Amino acid sequence: MATIGNNNLNAKLVLLGDMGAGKSSLVLRFVKGQFLEFQESTIGAAFFSQTLAVNDATVKFEIWDTAGQERYHSLAPMYYRGAAAAIIVYDITSTESFTRAKKWVQELQKQGNPNMVMALAGNKADLEEKRKVTAEEARVYAEENGLFFMETSAKTAINVNDIFYEIAKKLPRAQPAQNPTGMVLADRPAERSQAASCCSS
Ligand SMILES: Nc1nc2c(ncn2[C@@H]2O[C@H](COP(=O)(O)OP(=O)(O)OP(=O)(O)O)[C@@H](O)[C@H]2O)c(=O)[nH]1
Ligand SMILES: [Mg+2]
């Protein structure tokens, strides 16, 4: 069990994806355990934080929930630059949103932190009867591009905590100390020099 002040990681995490894919809903579910049928479209970006205990550490996620509307696209680098992790969200009932997700992955591969932990979330998994993107197609794409993949539902909460836990577990190994971006190891100065452990920004 983690002890506060003993093994605390801060990790900047960004959510990217088409408008309406469910980014804000996933964050609201994760941070507050709530779901709104009529979640308002995000303007610019919104900030949240949430702490998770994982193995012998606590990870405090500093979450940037970006706006999916195209007119905000140029703001995105401000949020993904230096991020330790990204969740790219699409809506399983929309092929356009899956196409958009792939564009975000390309952009991150070109311009993001090379050690970034990337997760692909096929959201609205509760809408099986309206499905347009198969889980298999997304799984293959994710595997080919070094992301991990989960189908989620902000509505039913399925896999929402799990995707953040999975990221939290992958973070320390993905953030070698010699390439520090986006992640701060707090209150554990003795370990700052240990490459496998984490990093500082
Ligand atoms: N059925 C279902 N509806 C969802 C789910 N997640 C989100 N929604 C709905 O989809 C709509 C859009 O969700 P948002 O969370 O606002 O989407 P967003 O990606 O933040 O959109 P932007 O802020 O415009 O980029 C809302 O009406 C949500 O209630 C889900 O898992 N299942
Ligand atoms: Mg939003």
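Residue indices follow the written sequence of each chain, beginning from 1 at its first position. Think of it this way: whatever chain is written first is A, whatever ligand is written first is 1, and the rest follow in order. Selection of residues for local features in this predicted model requires a pLDDT of at least 70, selection of side-chain atom pairs for listing and counting requires 80 or more, and totals for whole chains, interfaces and linings are taken over all residues.

- Labelled according to an unreviewed UniProt entry, the chain appears under the name Ras-related protein RHN1, originating from Papaver somniferum.
- UniProt lists a comment for the chain under the heading Sequence similarities (unreviewed entry), and it reads "Belongs to the small GTPase superfamily. Rab family."
- Turning to the chain, the UniProt record has this under Subcellular location (unreviewed entry): "Endomembrane system". UniProt positions are given in the numbering used here, feature names are shortened, and annotations may be inferred rather than shown by experiment.

Some details on the site of ligand 1
Thinking step 1. A residue counts as near a molecule or strand when its C-beta atom, positioned from the backbone, falls within 6 Å of it. Around ligand 1 sit 24 residues, and of these Gly-22, Ser-24, Ser-25, Thr-42 and Gly-68 come closest.
Thinking step 2. Here the element with the most residues in the shell around ligand 1 is helix 1 (residues 23–32); it accounts for 3 residues.
Thinking step 3. When residues are grouped by polarity, Ala, Val, Leu, Ile, Met, Phe, Trp, Tyr, Cys and Pro land in nonpolar, Asp, Glu, Lys and Arg in charged, and all others, Gly among them, in polar. Grouping the constituent residues of the shell around ligand 1 by class yields 7 nonpolar, 12 polar and 5 charged. In this text, helices come from DSSP runs of H or I with a minimum length of four residues, and strands from runs of E with a minimum of two, each type numbered from the N-terminal end.

Points about the pairing of strand 5 (residues 117–123)
Thinking step 1. Burial runs high along strand 5: 7 of the 7 residues are buried.
Thinking step 2. Burial along strand 5 is two-sided: Val-117, Ala-119, Ala-121 and Asn-123 and Met-118, Leu-120 and Gly-122, pointing in opposite directions, are all buried.
Thinking step 3. Strands are labelled as partners when DSSP assigns at least two bridges between them. The pairing of strand 4 (residues 85–91) with strand 5 spans 7 bridges and is parallel. Bridge pairing in strand 5 links Ile-88 to Leu-120.
Thinking step 4. What joins strand 4 to strand 5 is helix 3 (residues 95–111), and the crossover it makes is right-handed.
Thinking step 5. Relative to strand 6 (residues 148–151), strand 5 is paired through 4 bridges, and the arrangement is parallel. In the sheet register, Ala-119 faces strand 6, and the bridge partner there is Phe-148.
Thinking step 6. Handedness of the crossover joining strand 5 and strand 6 through helix 4 (residues 135–144): right-handed. The burial label depends on the number of other C-beta atoms within 10 Å of a residue's C-beta. Counts of 20 or more mean buried, 12 or fewer mean exposed, and intermediate counts mean partly exposed, with C-beta atoms placed from the backbone. If the strands point away from the viewer and the path from the first strand over the helix to the second runs clockwise, then the crossover is right-handed.

Quick notes on helix 1
Thinking step 1. Across the 10 residues that make up helix 1, a large majority, 8, are buried.
Thinking step 2. Listed in full, the buried residues belonging to helix 1 are Lys-23, Ser-24, Ser-25, Leu-26, Val-27, Leu-28, Arg-29 and Phe-30.
Thinking step 3. Looking at the residues trailing helix 1, positive phi occurs at Gly-33, about 70°.

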